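Observations on the three-dimensional arrangement
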Amino acid sequence: LKNFIRALALRNLHDARQFAREYGFDLDQPAASQLIQRAHSEALQFIISNFLTPAQAALIPPEVRVPDDPLQLLVYASLRGQQVDVRRMWSCAVLKVMHGIFYIDNDLKLRHFHAIRSQVFGSLDAVIRSEGEQHFLTDGEICLPLLHYDRKDNKGRNSILLKLLQKAAYLAADIFDHLGVRLV
């Protein structure tokens, strides 16, 4: 049974629109189509800039690179047969990255990451004092010199997306390892 559903099975653009509705997009709202188009553009640019040489980027089929409707990629990803394998594979790649983009944009933990980071580092900033390159841990009365102080604020959007793409399932908790402090 677990091998029964291994791929999309959308026959046409109508099915793709229904899939998008079930994914959470109200296609009657112009903003939804704009979000999908923006995610498609970002996904394509992400793939090209992170994984492809210019010669390889030229191999992306035009109907995947500049589709009349980005939802058409869902139909292409569903097609089977030798003639459509390249288009299907490229569509699947772009859709996977788009899914990661939607995940980043809509997961509450990631959406509010900057506020979470401010709260975590706010209390730390209250006890760390710096004088040039030297850092001190202090409670206001006692001041302990630190041999090393390193603060890892966050990864950028591309780094988070890369980390998500490496995982079989997207879990925001799995990528919160990019917020850290080292005191020596």
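Nothing here was measured: the structure is a model prediction, and the numbers come from that model.

Let's talk about the sheet that holds strand β2 (residues 134–138)
Read across the sheet, three strands follow the order β1-β2-β3 without closing on themselves; strand pairing throughout is antiparallel. Every other strand in the sheet has two partners, leaving β1 (128–131) and β3 (143–146) as the edge strands with one partner each. Strand after strand, the sheet turns through a mean of 35° between neighbouring axes, direction not considered. Two elements, β1 and β2, share four bridges in a ladder whose sense is antiparallel. Counted as the bridge partner of Glu 131 is Gln 134 from β2.

Overview of the packing of helix α2 (residues 30–51) against helix α6 (residues 85–106)
As a packed pair, α2 and α6 sit with axes 8 Å apart at the nearest point and diverge in direction by 115°. With respect to α6, the axis of α2 lies roughly perpendicular. The two elements α2 and α6 cross, and the hand of that crossing is right-handed. Every residue of α6 that contacts α2 at Leu 35, Ile 36, Ala 39, His 40, Glu 42, Ala 43, Leu 44, Phe 46 and Ile 47 is listed here: Trp 90, Ala 93, Val 94, Val 97, Met 98, Ile 101 and Phe 102. Considered class by class, the residues forming the contact of α2 with α6 number 14 nonpolar, one polar and one charged.

Some points on the environment of Asp 139
Position of Asp 139 relative to the elements: it lies in the loop between β2 and β3. Asp 139 gets classed as exposed once you look at its relative accessible area, which sits at 58%. Between the C-alpha atom of Asp 139 and that of Ala 126, which follows or precedes it by 13 residues, the distance is 8.4 Å. For Asp 139, the side chain forms a polar contact with the main-chain nitrogen of Glu 141, separated by 2.9 Å.

Focus: the pattern of salt bridges
Going through the model one piece at a time under the given rule, you end up with seven salt bridges. Between Glu 63 and Arg 87 there is a salt bridge, with its nearest N and O atoms 3.7 Å apart. Of the two residues, Glu 63 sits in helix α4 (residues 62–65) while Arg 87 sits in helix α6, which places them 24 residues apart along the sequence. According to the relative accessible area criterion, Glu 63 is partly exposed, its value standing at 27%. A salt bridge links Asp 105 to Arg 157; its shortest N-O distance comes to 2.8 Å.

With respect to the environment of Tyr 149
Position of Tyr 149 among the secondary structure elements: in strand β4 (residues 149–152). Judged by relative accessible area, Tyr 149 falls into the buried class, the value being 15%. On a C-alpha basis, the gap between Tyr 149 and Ser 130 in space is 9.9 Å, while along the polypeptide they are 19 residues apart.

The rules behind each value
- Residues numbered from 1 in each chain as written.
- Predicted model: local features only at pLDDT ≥ 70, side-chain atom pairs only at ≥ 80, totals over all residues.
- Heavy atoms only, no water.
- Pairing = 2+ DSSP bridges.
- Helix = DSSP H or I, 4+ residues; strand = E, 2+ residues; numbered from the N terminus.
- Axes fitted to C-alpha atoms, helices over the stretch in contact; angles between N-to-C directions.
- Parallel < 35°, antiparallel > 145°, perpendicular 65-115°, else oblique.
- Left-handed = near helix turned anticlockwise from the far one by under 90°.
- Contact = heavy atoms within 4.5 Å.
- Nonpolar A, V, L, I, M, F, W, Y, C, P; charged D, E, K, R; others polar.
- Buried < 20%, exposed > 50% of the residue type's maximum accessible area, 1.4 Å probe, protein only.
- Polar contact = N/O pair within 3.5 Å; in protein donor to acceptor, adjacent residues only side chain to side chain.
- Salt bridge = Lys/Arg side-chain N within 4 Å of Asp/Glu carboxyl O.

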